[in-house]
Amino acid sequence: MARTRFVPDSGLTLRMTAVMFMLGALFVALVVGLMYKFSSYAAIIGVIGIGVAFFQWWYSDKAAMRAMRAREVSPEEAPELHGMIDRLCAMADMAKPRVAIADTDLPNAFATGRSPNRSVVCVTTGILRTLTAEELEGVLAHELSHVAHRDVLVMTVASSAGIVAGMVTRFAQFGGLGLGRSRNNNNSGGGIGFFAVLLISLVVYAFSFVLLRLLSRYRELCADRSGAYLTQKPSALASALTKISGEMNAIPERDLRAAKPMNAFFIAPAVRGLTLGTLTATHPPLQQRLDQLARIAASLGQAR
Amino acid sequence: MGLWDALRGQSKPSQPNLDQLFALPGAALTLEAAMGLSPTGAGAVCFRAAEGQASVTTQQEASALVGVDGGPATESRVDEYGYTWLTVRTAPEDTSALVTDLHAVNSALETQGFGPGLLCSTIGFRDVDQTSSYLVYLYKKGSFYPFCPTGSSTRNTLKERQIRDAVGADLPIEPDTTRWMPIWGIQDR
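Throughout what follows, the structure given in this document is the object of discussion. (Residues numbered from 1 in each chain as written. Chains lettered and ligands numbered in written order. Predicted model: local features only at pLDDT ≥ 70, side-chain atom pairs only at ≥ 80, totals over all residues.)

Turning our eyes to something else, we now look at unusual backbone geometry. Its identity is not glycine, yet Arg69 of chain A carries a phi of approximately 50°, on the positive side. Mapped onto the elements, Arg69 of chain A comes out in the loop between helix H3 (60-67) and strand S1 (70-72). Taking the number of C-beta atoms within 10 Å as the measure of exposure, Arg69 of chain A has 11 and is therefore exposed. At Gln130 of chain B, a residue that is not glycine, the phi angle is positive and equals roughly 70°. (Helix = DSSP H or I, 4+ residues; strand = E, 2+ residues; numbered from the N terminus. Buried ≥ 20, exposed ≤ 12 C-beta atoms within 10 Å, placed from the backbone.)

Now the structure itself:
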């Protein structure tokens, strides 16, 4: 029987499952809360909200590529990059995603796409300049893990409660719900019902925002783990992370602004970036990531 | 990977499938008869050496295992992508001895828990006009594919397909040709 050096982190799984469960519970609470007062309109809003989430997920690759002005590169154009990804995919036994390069100084990389077969891994010219080959490989393995874990899908589903809650708030602003109230002939406490719905959706939105960020940080830790086990060189990823975080603080203001529309574009972070997180807290703190990589290095280096 | 693994985000590193390697000697005979490709007697195991002392010790043990009782010496080199190639050279006509040696290296790595780091294994063939062809074994898929480089970054796709058709009955050939990754610079090995 082959021995494995892989040590599963059950604590991380437990925390992540708890967060996902709470997000699911929030969604149910929102639906029940809406159905209670505005049965027919709530259903329509819910369907629209889920439709928005679906489109975000379905067109995640195209939208992200356009927002980052990335272009797909062929094996002839970027042989080293393709060679690295070829080998990593062969080791992980996964389909090879498309490869794209975005022309920006921001040292960043992301993976997106609706399924592992329709994914794009994109790196910026900034990261290609900053990192050594070994470090770049660590980053690519991290992004490939996002693809394998279907993180775009997971995060989109997780964000659907927040999207629907956000839409209810928006509808309430435009008086859409007021219309529903009169149609329903709900005379008793209609005004109170309206504020109750607004309150519910705002609370759901706030909670789901915080939970989503938490879930996102856990997913990053998971991708770090799997990426490190894939390349068997946790120290390369660690040095890449350290380098990128340092670089992010030294980057010119112009580039940070230029990248902002990208962040705002996705209600759910459909783009799994490596670096912007230190600013927006969709990513765990560097120290936590390095600690985890050190533990993996220990498990790989142990003599048996 | 299943839904549960994706949800947990903790995919286990995939383990190699070593069993199919022993189908190689039969395929080598077929290739010689059908296409005039004779084995060169050289084969290599390509893997990602993990960081840390355990990996170094395992590699030394694997080399020693192959070289025991006057067995062939192994050469080790790290390529430009950071993968380690352990090359074994035996007598050209004895493909089964070569496969046994390659398998010994694999097992040594696998029993020490470095199975997930195994990338591929190659054995070389030579045409009458001395052009090289290779059969590449993908550990994670448990399948083979032919690789015929014609230059630093060009390959003879037609010949690869001919080889596929010739040995299709002897070997499990990788049906998805997008997985037939090029290994440029394999000639130097």
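Turning our attention to the environment of Leu31 of chain B. Residues and elements named next belong to chain B. Locating Leu31 in the fold gives a position in helix H2 (residues 24-35). What makes Leu31 buried here is the crowd of 22 C-beta atoms within 10 Å. Residues in contact with Leu31, not counting those within four places in the same chain, are Leu37, Phe125, Ile163, Ala166 and Val167. (Contact = placed C-beta atoms within 7 Å.)

So, about the nonpolar core. With 90 residues, the main nonpolar core has Leu88, Cys122, Leu140 and Leu144 of chain A together with Val136 of chain B as its most contacted residues. Top contributing element to this core by residue count: helix H4 (residues 79-92) of chain A, with eight residues. The residues contacting Leu144 of chain A, other than those within four sequence positions of it, are Leu88, Cys89, Ala92, Met94, Ala111 and Val121 of chain A. Residues Met16, Leu23, Val157 and Val197 of chain A belong to the second largest nonpolar core, which totals 32 residues. (Core = buried A, V, L, I, M, F, W, Y, C linked by C-beta atoms within 7 Å.)

The next point concerns the interface of chain A and chain B. Every contact between the two is made by 41 residues of chain A and, on the other side, 36 residues of chain B. Of all the secondary structure elements, the ones that give two or more residues to the side of chain A that touches chain B are helix H1 (10-37), H4, helix H6 (133-148), helix H9 (190-231) and helix H14 (286-301) of chain A. Among the elements that take part in the side of chain A that touches chain B, H4 of chain A stands out by supplying eight residues, more than any other. Among the residues forming the side of chain A that touches chain B, the class breakdown is 17 nonpolar, ten polar and 14 charged. (Nonpolar A, V, L, I, M, F, W, Y, C, P; charged D, E, K, R; others polar.)

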